[in-house]
Amino acid sequence: MQEQQQDDNLLTIGENLHIFNPAFRQAVEQQNQAALTRLAGQHLAGGARSLAINLGPARSMHDRLPWVVETIQQHSPTPLFLPAISNGLEQALECHQGRATINAVTADPAHLDKTMKIARDYEADLVVLLTKPGLQNFDTQHRLQIALDVLEQADGIGLPREQLYLDPVLSVRTDPVAWNLTGGMPDLDPILQTIALIGELSAGQVQTIVGLSNGTLGLSPHKRSSLHCRMLPLLAQSGLDAVILNSLDQTLMNIAGCLKRSNLLQRKAA
């Protein structure tokens, strides 16, 4: 019963194991098991149920992804969100305990095809960003069309829809006037609409995810935390299944811990 209750909760994924975190970068470069384990433990203690790994663009770091996976899971069988890199990903999937998630690829069909096949073969989940190179318009209609294209491609490859996370891509406002008028609050309406409509169009088969911090870049830590705490309940109410967030922000994590996955509850009711 406790496990079922946990499944009903919004999936929280700690974001701070990334290359711009000096402590994480140093731990990986030096292959310091104690330091990496300590960092992972801090985020899990904060309430994260999963951890996102971001090793940046350097191939020398990519080679260490299997070591990162083994080191973290040696102490805790935490499911990990692994970077969609060309070097080291499959080795990391082979040693990963439980179901991993590949995070993330754009909906560019050329690149998506290969990653979908990897996700299918290793029975991994896959995060797909609802954007493509050269995309000019980025409203709800365009996001939904991309989502439908992604679903069609997954069906053709044989990747179950239940293994997909679709990310409508939360981002900062590009208009400086609007950014100032809203105090840095992202334009949530198209994101909320997209999340709700994906749930309807896929009959709840597909999961949705956002990177919460992507929408508040450039703001002070206090302001970011305040906006995150306002945004997350709205996203969850629209049907969000998972969120990548700062799991060291205890105020935010207290809110996240009270939120349910609306689409999941609707499926159960049906």
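Scoring rules and cut-offs
- Residues numbered from 1 in each chain as written.
- Predicted model: local features only at pLDDT ≥ 70, side-chain atom pairs only at ≥ 80, totals over all residues.
- Heavy atoms only, no water.
- Core = buried A, V, L, I, M, F, W, Y, C linked by side-chain atoms within 4.5 Å.
- Buried < 20%, exposed > 50% of the residue type's maximum accessible area, 1.4 Å probe, protein only.
- Helix = DSSP H or I, 4+ residues; strand = E, 2+ residues; numbered from the N terminus.
- Contact = heavy atoms within 4.5 Å.
- Pairing = 2+ DSSP bridges.
- Axes fitted to C-alpha atoms, helices over the stretch in contact; angles between N-to-C directions.
- Expected span 1.5 Å × (residues − 1).
- Phe/Tyr/Trp six-rings, centres within 6.5 Å; stacked < 30°, edge-to-face > 60°.

Asks: Please set out the nonpolar core residue by residue, giving values where relevant.
Replies: Considering soluble globular proteins, one finds that nonpolar side chains tend to be buried as a cluster. Judged by nonpolar contacts, the single largest core of 49 residues is most densely connected at Leu82, Leu126 and Leu164. Counting residues per element, this core draws most heavily on helix H8 (residues 140–157), at seven residues. If near-sequence neighbours (up to four positions away) are discounted, Leu126 is found in contact with Thr101, Ile102, Val105, Leu112, Thr115, Met116, Ala119, Leu159, Gln163, Leu164 and Tyr165. Listed in part, the 23 residues of the second largest apolar core include Leu188, Leu212, Leu232 and Leu245.

Asks: Please give an account of the pairing of strand S2 (residues 50–54) that cites residues and values.
Replies: With four of its five residues buried, S2 lies for the most part within the structure. Sheet topology note: the strand S1 (residues 11–18)/S2 ladder contains four bridges and is parallel. Bridge assignment links Gly14 to a residue of S2, and that residue is Leu51. Summarising the sheet, S2 and strand S3 (residues 80–83) pair through two bridges and their orientation is parallel.

Asks: Before we move on, could you go through the sheet that holds strand S6 (residues 164–167) and cite the residues and values that matter?
Replies: The parallel closed barrel is built from eight strands, whose spatial order is S1-S2-S3-S4-S5-S6-S7-S8. Taking the axes of each pair of neighbouring strands and ignoring which way they run, one obtains an average angle of 25° across the sheet. As paired elements, S6 and strand S7 (residues 207–211) share two bridges and run parallel to each other. Counterpart to Leu166 in the pairing with S7 is Thr208. In the packing of helix H5 (residues 65–75) onto the sheet, the strands contacted are S1, S2 and S3, and the crossing angle to S3 comes to about 170°.

Asks: Requested: an account of helix H11 (residues 221–237), with residues and values cited.
Replies: Taking 1.5 Å per residue, 17 residues should reach 24 Å; H11 reaches 25 Å between its end C-alpha atoms and fits that length. Listed in full, the buried residues belonging to H11 are Ser225, Leu227, His228, Cys229, Met231, Leu232, Leu235 and Ala236. Following H11 by one or two positions, Gly239 adopts a phi angle in the positive range, close to 120°.

Asks: Break down unusual backbone geometry for me, citing the residues and quoting the values.
Replies: Cis geometry marks the peptide bond from Asn103 to Ala104, where omega comes out at 0°. You can see Ala104 is positioned in strand S4 (residues 101–106). At Glu123, a position not held by glycine, the phi torsion is positive, near 55°. Counting through the fold element by element, Glu123 comes out in the loop between helix H7 (109–121) and strand S5 (125–129). In this model, Val169 sits at a positive phi of 70°, which is unusual for a non-glycine residue. Considering the arrangement of structural elements, one finds Val169 in the loop between S6 and helix H9 (176–181).

Asks: Describe the packing of aromatic side chains, listing the residues and the values that go with them.
Replies: Remark: the centre distance and the inter-plane angle together describe each pair of aromatic rings, the angle taken between the planes. Going through the model one piece at a time under the given rule, you end up with one aromatic pair. When the ring of Phe81 is compared with that of Tyr165, the centres are 5.9 Å apart and the planes differ by 50°; the resulting orientation is tilted. Linking Phe81 in strand S3 with Tyr165 in strand S6, this pair joins segments that are 84 residues apart in sequence. You can call Phe81 buried: its relative accessible area is 2%. Note on Tyr165: relative accessible area 5%, which makes it buried.

Read these as geometric descriptors, not functional statements.
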